[in-house]
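A structural walkthrough
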Amino acid sequence: QLQLVESGGGLVQPGGSLRLSCAASRFTLDYYYIGWFRQAPGKEREGVSCISSRDSSTYYADSVKGRFTISRDNAKNTVDLQMSSLKPEDTGVYYCAAESLFRLSSVQAMCATLVLGSWGQGTQVTVSS
């Protein structure tokens, strides 16, 4: 099973930036969709941004579009989420997840479902002054 580990979370003031990293082990990410999801206290988990390893197509939730950027580093076998202009409503536990390209049709589908093959343990992001 693919193993995923998130890092880079922390406490940041509104307007600040953080870069999250999702590191994969045991397998490469060559044939996976990779997504970032978040869950705020008392709220449902939601898809934030997803990327395809096949064509690097991406998806962003409307709430983060223009502020977050997802990218893949093939050499390090990681997927990063650069978060800028952070807002208090961005606070939550951020998880990365992966699913085989054979089981989903698009990055939009990846970010729309929570039933995925592999999940990381999550990293806390707190945006507060």
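Attention in this report is confined to the structure presented alongside it. (Residues numbered from 1 in each chain as written. Predicted model: local features only at pLDDT ≥ 70, side-chain atom pairs only at ≥ 80, totals over all residues. Heavy atoms only, no water.)

**Some details on the overall build of the chain**
The test is simple: Put simply, DSSP H or I for four residues or longer makes a helix, DSSP E for two residues or longer makes a strand, and each gets a number counted from the N terminus. To get the radius of gyration, use the C-alpha atoms; to get the globule rule, take the number of residues to the power 0.38 and multiply by 2.2 Å. We call a residue buried when its accessible area falls under 20% of the maximum for its residue type, exposed when it is over 50%, and partly exposed in between, using a 1.4 Å probe and counting protein chains only. Contacts between residues were defined by any pair of non-hydrogen atoms, one from each residue, lying within 4.5 Å. Only four residue types enter the tally: Lys and Arg on the positive side, Asp and Glu on the negative side, with His and both chain ends excluded. For charged residues, the charge sits on one atom: NZ in Lys, CZ in Arg, CG in Asp, CD in Glu.
Counting its secondary structure elements, the chain contains one helix and eleven strands. Relative to the globule expectation of 14 Å for 129 residues, the C-alpha radius of gyration of the chain, 14 Å, shows essentially globular dimensions. A total of 129 residues make up the chain; the buried ones form 47% of that total. Here the contacts in the chain between residues at least 6 apart in sequence split such that 63% fall between residues at least 24 apart. A distance of 1 Å separates the average location of the 12 positive side-chain charges in the chain from that of its 11 negative side-chain charges.

**Some remarks on the sheet that holds strand β8 (residues 78–83)**
Operational definition: Only strands joined by at least two bridges in the DSSP assignment are considered to pair. The axes used here are C-alpha line fits, helices contributing only the stretch in contact, and every angle between their N-to-C directions lies in the interval 0 to 180 degrees.
The four strands lie next to each other as β1-β3-β8-β7, forming an open sheet whose pairing is antiparallel. Either end of the sheet is taken by a strand with one partner, and the two such strands are β1 (3–7) and β7 (68–73). Going across the sheet, the axis of each strand differs from the next one's by a mean of 15 degrees, ignoring polarity. Here β1 pairs with strand β3 (residues 18–25) via five bridges, running antiparallel. Looking across to β3, one finds that Ser 7 is bridged to Ser 21.

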